[in-house]
Amino acid sequence: MTNKLRYFIANWKMYGDIMSLNSIDKVIKFTRLNKKKKFKLIYCPPYTLLYSFSKKIKNTNIGLGAQNCHSENDYGPYTGYINAKMIKKIGANYVIVGHSENRSYGESNLLINKKIKSAIKNKLNVIFCIGETIVEKKKKHTFRVIKSQIIKGLSGVKYFNKIIIAYEPVWSIGTGIVPTNLELIKNINFIKHILKKNLKAPRIKIIYGGSVNPNNVMNLNLINSIDGYLVGGASQNSKKFIDIVKKSFI
Ligand code: PGA
């Protein structure tokens, strides 16, 4: 395994309340004890916990992100929504955009592109999710789908150093099913090819997401082109989340 920086991003989805905050004490301690190891942990709790999280992780090197944002830069009459400016002001530096759970509610590549631009304008780093559904995979449309998601999602974006791409095949999210290493290598190489050829942005980091857990992470770590993981279910359990990190540095 290489010695490069790896990201471990906890996506808590619609889970967690104020009591769950205490569960990350272990993680804070773990990061303090392992300062020299090259990893970056980022928590993306629900909006309701962002403020408390920002206080909790103050003086640690853990990052904080939201799970989505509105595409409008400014405040406005958008009941129920939160924009990138508000996320930045509450103390977060990251936002997940284009998660398949939101795409499935109708978020288009065009809308996702607007959100990415607004996030960057507000100095947030973007965890930009892409990935094919099982139907698209079966029809052998994976390359076509992820190419269009990347090109449309990043159209007109200038600061590629603010982007982390999370390749998350929809069929692997929350299912316990993980692509084979061969399949992942093939798809990540393709993403790299598109980034280089179409966007002249070969250095964008690429992480994998979908059913990552302490049992499968060592096998995934064999893939050098992966810069880290977006972890859903397993990240809500601090012991499992720490185990995932530990197993990546044995
Ligand atoms: P999972 O979720 O780890 O529970 O599959 C990953 C994600 O949705 O980002």
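Residues numbered from 1 in each chain as written. Predicted model: local features only at pLDDT ≥ 70, side-chain atom pairs only at ≥ 80, totals over all residues. Heavy atoms only, no water.

(A) Representation of the site of the ligand within the structure. With respect to spatial proximity, 13 residues lie near the ligand, and among them Lys13, His99, Glu168, Gly174 and Ser211 are the closest. Contacts to the ligand include Glu168, whose side-chain N or O atom sits 2.7 Å from an oxygen atom. Within the backbone of Gly233, one N or O atom sits 2.9 Å away from an oxygen atom of the ligand. In isolation the ligand has 280 Å² of accessible area, and contact with the protein removes 95% of it. Looking at the shell around the ligand residue by residue, the class counts come to three nonpolar, eight polar and two charged. (Near = heavy atom within 4 Å. Polar contact = N/O pair within 3.5 Å; in protein donor to acceptor, adjacent residues only side chain to side chain. Areas by Shrake-Rupley, 256 points an atom, 1.4 Å probe, with all protein chains shown as cover. Nonpolar A, V, L, I, M, F, W, Y, C, P; charged D, E, K, R; others polar.)

(B) Broad picture of the pairing of strand 1 (residues 6-11). The element strand 1 is extensively covered by neighbouring structure, given that six of its six residues are classed as buried. Both faces of strand 1 are covered, namely the face carrying Arg6, Phe8 and Ala10 and the face carrying Tyr7, Ile9 and Asn11. Relative to strand 2 (residues 39-44), strand 1 runs parallel, the two sharing six bridges. Directly across from Asn11, in strand 2, lies its bridge partner Cys44. For the segment spanning strand 1, helix 1 (residues 25-33) and strand 2, crossover handedness is right-handed. Summarising the sheet, strand 1 and strand 8 (residues 228-231) pair through four bridges and their orientation is parallel. From the neighbouring strand, Phe8 faces strand 8, where its bridge partner is Tyr229. (Buried < 20%, exposed > 50% of the residue type's maximum accessible area, 1.4 Å probe, protein only. Helix = DSSP H or I, 4+ residues; strand = E, 2+ residues; numbered from the N terminus. Pairing = 2+ DSSP bridges. Right-handed = clockwise from strand over helix to strand, strands pointing away.)

(C) The arrangement of the sheet that holds strand 2 in detail. Strand order around the closed barrel formed by eight strands is 1-2-3-4-5-6-7-8, with parallel pairing between neighbours. Going across the sheet, the axis of each strand differs from the next one's by a mean of 25°, ignoring polarity. Inspection of the sheet shows strand 3 (residues 63-66) paired to strand 4 (residues 94-97) by two bridges, in the parallel sense. Note on strand 4: the bridge partner recorded for Ala66 is Val95. (Axes fitted to C-alpha atoms, helices over the stretch in contact; angles between N-to-C directions.)

(D) Molecular detail of the packing of helix 5 (residues 109-121) against helix 7 (residues 142-153). Contact pair helix 5 / helix 7: the axes reach a minimum separation of 8 Å and the direction vectors enclose 45°. Judged by the inter-axis angle, helix 5 sits oblique to helix 7. In terms of crossing hand, the pair formed by helix 5 and helix 7 is right-handed. Judged by residue contacts, Asn109, Asn113 and Ile116 of helix 5 engage Ser148, Gln149, Lys152 and Gly153 from helix 7. Its residues assigned to classes, the contact of helix 5 with helix 7 shows one nonpolar, five polar and one charged. (Parallel < 35°, antiparallel > 145°, perpendicular 65-115°, else oblique. Left-handed = near helix turned anticlockwise from the far one by under 90°. Contact = heavy atoms within 4.5 Å.)

(E) Structural detail: the environment of Thr48. Position of Thr48 relative to the elements: it lies in helix 2 (residues 47-56). Taking the C-alpha atoms as reference, Thr48 lies 9.9 Å from Ala66; in sequence the two are 18 residues apart.

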